[in-house]
Amino acid sequence: MSSNNQDESKLDQELKIPFCQDVNGFRIPGTFTVESYKSALAYKPRPDDLFIVTYPKCGTTWVQSIIACILRSGKPFETALEFFLGNPFLELMGGAAAETMKRPDSIKIHLPFHLTPWSSKAKYIFVARNPKDCCVSFFHHTLSMPGYRFQGEFDDFFELFINGEVDFGDYFDTLLSWYEHRNDPNVLFITYEQLKTDIKTCVLKIAEFIDIQHKEILEKDEKILDDVILHSSLSFMKEHLSKLLVELGAVIASNPELVANNPDIPIGLKKAMLSGNFELSKKDAKKIGIVRKGKLPL
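The name an unreviewed UniProt entry gives the protein chain is Sulfotransferase 1C2, with Nephila pilipes as the organism.

Below is the structure:
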């Protein structure tokens, strides 16, 4: 085999593996900084912290939006920056993002229990999802995001997923580690399928878990409850968040100094925004797809 053919073969193999990195035995996206990830693990939770914990593609953005709408009297995020700063992704943005965020709001993590910043006084909402649907959604996410540099087929990704070799490790390790804590008083364990089947009951359960006063407000004001359900719906999020992200991408492309010089944006998020991988998906130059189909299994 010629040198060129060998190089091409090696590149083909590399493109079948998402761009990830191992940090002390745990796999995170290659575009994240090790410093931000380690500072996320070292973060000391406050009593008023509310964590949204998921394995990737198990309903994270959905529950983020539900909580945001509950706390904003039914109103959705107004800008993409509000979405990122108001609900910081701890492993991407670092512990400082949680320390400086405006409260009340939520903190997003994709960690098994043993790596999670834990406090019996903080609150944790864990969202589980059917592993088949999670895997399919994670494949499409990995394929579409340029930062992963992935050009493999579903069969390639499935083998990586089932062996726990994708970013954020083994699906079952994360699920089982949190399932053991499902009855802890400061943990709410819900499923994606419950959200799809009975969203009203789930919204009220989440509101009560945050604070009983939020549930009482929703029960007394049906308009606010309807707005929470509408503005956190999959169809609304798919269009609204895509629009906000495209707007932010345009700002970054035209004037990156606005991000680079903004003291309110943590360094981890700045690096992600300015990396060239943030703006658009590989397959669609007009939309950024955080939310895809959100269907239940047959």
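Colleague: Outline helix H11 (residues 199-210), supporting the account with residue identities and numerical values.
Modeller: Its twelve residues give H11 an end-to-end C-alpha distance of 16 Å, which sits within 8% of 16 Å, the value for a rise of 1.5 Å per residue. All buried positions along H11 are accounted for by Cys 202, Val 203, Leu 204, Ile 206, Ala 207, Phe 209 and Ile 210.

Colleague: I'd like to hear about the pattern of salt bridges, residue by residue, with values.
Modeller: Proximity of charged atoms lets side chains of opposite charge pair with each other. Inspection of the entire model under this criterion finds ten salt bridges. Lys 215 is paired through a salt bridge with Glu 208; the nearest N and O atoms lie 3.5 Å apart. For Lys 215, a relative accessible area of 19% corresponds to the buried category. Assessed through its relative accessible area of 38%, Glu 208 is described here as partly exposed. Glu 247 is paired through a salt bridge with Lys 243; the nearest N and O atoms lie 2.8 Å apart. In this pair, Glu 247 and Lys 243 both sit in helix H14 (residues 234-254), four residues apart, roughly one turn of the helix. Accessibility expressed as a relative area gives 49% for Lys 243, which makes it partly exposed.

Parameters and conventions
- Residues numbered from 1 in each chain as written.
- Predicted model: local features only at pLDDT ≥ 70, side-chain atom pairs only at ≥ 80, totals over all residues.
- Heavy atoms only, no water.
- Helix = DSSP H or I, 4+ residues; strand = E, 2+ residues; numbered from the N terminus.
- Expected span 1.5 Å × (residues − 1).
- Buried < 20%, exposed > 50% of the residue type's maximum accessible area, 1.4 Å probe, protein only.
- Salt bridge = Lys/Arg side-chain N within 4 Å of Asp/Glu carboxyl O.

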